[in-house]
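Next come the chains, spelled out residue by residue.
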Amino acid sequence: MAVWSAGQYVKFEDERTRPARDLLDHVPLADAARVVDIGCGPGNSTELLVERFPGAKVVGLDSSTEMLVAARKRLPKIDFVEADIAAWRPTEPVDLLYANAVFQWVPEHEAVLARLLEGVAPGGVLAVQMPDNLAEPTHLLMAEVAQSGPWVSAYEGHNVVRATLPAPTRYYDLLEPFASRIDIWHTIYNHPLTDAAAIVEWVKGTGLRPWLDLLSEAQQRDYLAEYTRRIALAYPPLRDGKVLLRFPRLFIVATRR
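The rules behind each value
- Residues numbered from 1 in each chain as written.
- Predicted model: local features only at pLDDT ≥ 70, side-chain atom pairs only at ≥ 80, totals over all residues.
- Heavy atoms only, no water.
- Axes fitted to C-alpha atoms, helices over the stretch in contact; angles between N-to-C directions.
- Helix = DSSP H or I, 4+ residues; strand = E, 2+ residues; numbered from the N terminus.
- Parallel < 35°, antiparallel > 145°, perpendicular 65-115°, else oblique.
- Left-handed = near helix turned anticlockwise from the far one by under 90°.
- Contact = heavy atoms within 4.5 Å.
- 1 Å grid on protein atoms, 1.4 Å probe; cavity = no way out; pocket = protein on both sides within 12 Å on 5 of 7 lines; lining within 4 Å.
- Points joined across faces, edges and corners; volume = space filled by probe spheres on them.
- Buried < 20%, exposed > 50% of the residue type's maximum accessible area, 1.4 Å probe, protein only.
- Core = buried A, V, L, I, M, F, W, Y, C linked by side-chain atoms within 4.5 Å.
- Pairing = 2+ DSSP bridges.
- Phe/Tyr/Trp six-rings, centres within 6.5 Å; stacked < 30°, edge-to-face > 60°.
- Lys NZ or Arg CZ within 6 Å of the ring centre and 35° of its normal.
- Nonpolar A, V, L, I, M, F, W, Y, C, P; charged D, E, K, R; others polar.

## Quick word on the packing of helix 6 (residues 137-146) against helix 10 (residues 217-234)
- One can describe the packing of helix 6 onto helix 10 by two numbers: an axis separation of 10 Å at closest approach and a directional angle of 140°. Overall, the two elements helix 6 and helix 10 adopt an arrangement that is oblique. In this structure, helix 6 crosses over helix 10, and the sense of that crossing is right-handed. The residues of helix 10 that touch helix 6, namely those facing Pro-137, Thr-138, Leu-141, Met-142, Glu-144, Val-145 and Ala-146, are Tyr-223, Glu-226, Tyr-227, Arg-230, Ile-231 and Ala-234.

Okay, structure coming up:
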């Protein structure tokens with residue numbers, strides 16, 4: 001797992017929080033007693049859960065110490081726990097397991113999601129959102145630059161590219177035995193950003209991290225220069241000089257039988 005930067009992540013907090021809001025808007029619960037934010041990051045998604053369910057016991061989970069420090073600073077009254085998300089399971093039934101943009105990093109996460117849904121209370125909900133953007137220029141160019149520079153050897157023996165998400169039918173079939181209702185959909189966001197450099201800053205907080213973490217400081221600087229050059233070609237400026245970042249995301253909301 002890459003080393004995540006809370007400061008880098010929140011540079012685009014409004015844009016990153018929008019799908020978190022959209023996911024929560026589709027959670028069919030009028031109330032909840034126990035809520036867990038899986039992969040809570042710096043606490044922006046946890047804050048939404050606290051606002052939606054003010055009477056609930058809300059807990060945030062993350063594997064990143066830096067993210068948890070930021071989350072505790074943001075929401076000092078909420079319990080935040082460092083945990084291996086792939087292995088974690090609730091010790092008692094939960095009304096809402098909520099996971100915004102985390103399970104794309106968990107190997108074989110489909111089986112993990114099915115196991116987690118088993119731990120949801122009857123009538124409770126598992127709500128998940130994952131980026132589905134590996135076919136976008138932002139991510140295709142990460143690999144292209146890695147394979148075309150003097151840093152190629154740094155990637156030998158390392159599996160840097162995250163796995164492509166399975167088809168929605170795969171998720172449906174795995175969750176259906178435990179669910180009374182399953183909603184699965186894609187949303188494509190188009191985020192206006194200042195320029196190509198802003199796109200690079202965006203992905204430096206998430207998808208670009210595994211590529212950069214294997215390089216020396218000098219290599220990182222040269223990699224980013226070449227990556228930025230190619231991003232500028234892939235995302236030409238609009239009439240006002242801004243660029244449009246296309247960002248597909250997959251949503252899953254499953255209600256426990």
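## Re the layout of surface pockets
- Roughly 470 Å³ of volume is contained in the largest pocket.
- The wall of the largest pocket is formed by 21 residues, among which Trp-105, Asn-159, Val-160, Val-161 and Arg-162 lie closest to the centre.
- Estimates place the volume of the second largest pocket at around 160 Å³.
- Along the walls of the second largest pocket sit Arg-34, Val-36, Lys-57, Val-59, Leu-61, Val-81, Trp-88, Arg-89, Pro-90, Thr-91 and Val-94, which together make up its complete lining.
- Sorting the residues of the lining of the second largest pocket by element identifies strand 1 (34-38) and strand 2 (57-62) as the ones contributing at least two each.
- It is strand 2 that contributes the most residues to the lining of the second largest pocket, three residues altogether.

## A look at unusual backbone geometry
- The phi angle at Ala-101 is positive, at roughly 60°, despite the residue not being glycine.
- Inspection of the secondary structure assignment puts Ala-101 in the loop between strand 4 (94-100) and helix 5 (109-118).
- Phi is positive for Glu-108, close to 50°, though the residue is something other than glycine.
- Counting through the fold element by element, Glu-108 comes out in the loop between strand 4 and helix 5.
- The exposure class of Glu-108 is exposed, given its relative accessible area of 65%.

## Quick word on the nonpolar core
- Within the largest apolar cluster, 49 residues are counted, with the highest numbers of intra-cluster contacts made by Leu-96, Leu-208, Trp-211, Tyr-223 and Tyr-227.
- Leave out the neighbours within four places in its chain, and Tyr-223 touches Met-142, Val-145, Ala-146, Trp-151, Tyr-155, Leu-208, Trp-211, Leu-212 and Leu-215.
- By size, the runner-up hydrophobic cluster in this structure holds 31 residues, among which are Phe-103, Val-112, Leu-165 and Ala-254.

## Quick look at the sheet that holds strand 5 (residues 120-131)
- Judged by pairing direction, the sheet is mixed, and its seven strands sit side by side in the order 3-2-1-4-5-7-6 without closing on themselves. Bordering the open sheet on either side are strand 3 (79-82) and strand 6 (179-193), each of which pairs with just one other strand. Between one strand axis and the next, the sheet turns by 15° as a mean value, whatever way the strands run.
- Across six bridges, the pairing between strand 4 and strand 5 is parallel. Paired with Asn-100 across the strands is Gln-129, a residue of strand 5.
- Taken strand by strand, helix 3 (residues 44-52) contacts strand 1, strand 2, strand 3 and strand 4, and its axis lies near 165° from that of strand 1.
- Packed on one face of the sheet, helix 8 (residues 196-204) meets strand 6 and strand 7 (243-256) and runs near 30° to strand 7.

## So, the packing of aromatic side chains
- In the structure shown here, the tally under the stated rule is six aromatic pairs.
- Aromatic ring contacts, followed pair by pair, group Phe-12, Trp-202 and Phe-247 into a single cluster.
- Sitting over the face of the ring of Trp-105, Arg-162 holds its NZ or CZ atom 5.5 Å from the ring centroid.
- Its guanidinium or amino end placed over the ring of Phe-247, Arg-249 lies 3.9 Å from that ring's centre, counting from NZ or CZ.

## Comments concerning the packing of helix 2 (residues 13-25) against helix 3
- In contact at an axis separation of 9 Å, helix 2 and helix 3 are set at 40° when each is read in the N-to-C sense. As the angle between them shows, helix 2 and helix 3 are arranged oblique. Here helix 2 runs over helix 3; the crossing is right-handed. Touching Glu-13, Thr-17, Ala-20, Arg-21, Leu-24 and Asp-25 of helix 2 are Asn-44, Ser-45, Leu-48, Leu-49 and Arg-52, all from helix 3.
- Here the residues of the contact of helix 2 with helix 3 are counted per class, giving four nonpolar, three polar and four charged.

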